[in-house]
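# Structural overview
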Amino acid sequence: MKTSLAIIAVATLTLASAAPASAKGCLKGAVVGGVAGHYAGHHGVLGAVAGCAYGRHRANEQDRQRQGQSPAPAGQEKL
């Protein structure tokens, strides 16, 4: 179980590092998610990955709002 979790974590970090280095929101989300995941059943790495993804989502959403663009409702993205 730990081996497969470690492989998933390494693969996730490898794929994440392929994108441009923009950790806005990711670090805070990863810390909060890691702590929450640790206390919710010793799933700290999984919590950190999920927290990072959520932190990036929130940072992008706040950037859009600062620029005056409201996000499109789900299923109605602009093409």
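This one's a predicted model, so the numbers in the text were calculated from it and none came from an experiment.

## Description of the overall build of the chain
- Counting secondary structure elements, the chain contains 3 helices and 0 strands.
- Counting from the amino terminus, helix and strand elements in the chain follow one another as α-α-α.
- Expressed as a percentage of its 79 residues, the buried residues of the chain come to 15%.
- Here the contacts in the chain between residues at least 6 apart in sequence split such that 45% fall between residues at least 24 apart.

## Comments concerning the layout of surface pockets
- Taken as a whole, the second largest pocket encloses approximately 200 Å³ of empty space.
- Contributions of two or more residues to the lining of the second largest pocket are made by helix 2 (26-39) and helix 3 (44-66).
- Among the elements that line the lining of the second largest pocket, the one with the most residues is helix 3, at 7 residues.
- Here the lining of the second largest pocket is built from residues that sort into 3 nonpolar, 4 polar and 5 charged.

## What to know about the confidence of the model for the chain
- Residues with a pLDDT of 70 or more make up 67% of the chain, whose mean pLDDT is 77.
- Of all the helices and strands in the chain, helix 1 (residues 2-18) carries the lowest mean pLDDT, 67, while helix 3 carries the highest, 88.

## With respect to the environment of A59
- Locating A59 in the fold gives a position in helix 3.
- On the accessibility criterion, A59 (9% relative accessible area) is buried.
- Between the alpha carbons of A59 and K24 there is a distance of 6.4 Å; along the sequence they are 35 residues apart.
- For A59, the contacting residues outside a window of four places in its chain are K24 and G25.

## Some points on the state of the cysteines
- Evaluated as defined, the whole model comprises 1 disulfide.
- With a sulfur-sulfur separation of 1.8 Å, C26 is cross-linked through a disulfide to C52. Between C26 and C52 the sulfur-sulfur dihedral comes to about -100°; the bridge is accordingly left-handed. In this pair, C26 is assigned in helix 2 and C52 in helix 3, connecting sequence segments 26 residues apart.
- The exposure class of C26 is buried, given its relative accessible area of 15%.

Basis of the calculations
- Residues numbered from 1 in each chain as written.
- Predicted model: local features only at pLDDT ≥ 70, side-chain atom pairs only at ≥ 80, totals over all residues.
- Heavy atoms only, no water.
- Helix = DSSP H or I, 4+ residues; strand = E, 2+ residues; numbered from the N terminus.
- Buried < 20%, exposed > 50% of the residue type's maximum accessible area, 1.4 Å probe, protein only.
- Contact = heavy atoms within 4.5 Å.
- 1 Å grid on protein atoms, 1.4 Å probe; cavity = no way out; pocket = protein on both sides within 12 Å on 5 of 7 lines; lining within 4 Å.
- Points joined across faces, edges and corners; volume = space filled by probe spheres on them.
- Nonpolar A, V, L, I, M, F, W, Y, C, P; charged D, E, K, R; others polar.
- pLDDT = per-residue confidence, 0-100.
- Disulfide = S-S within 2.5 Å.

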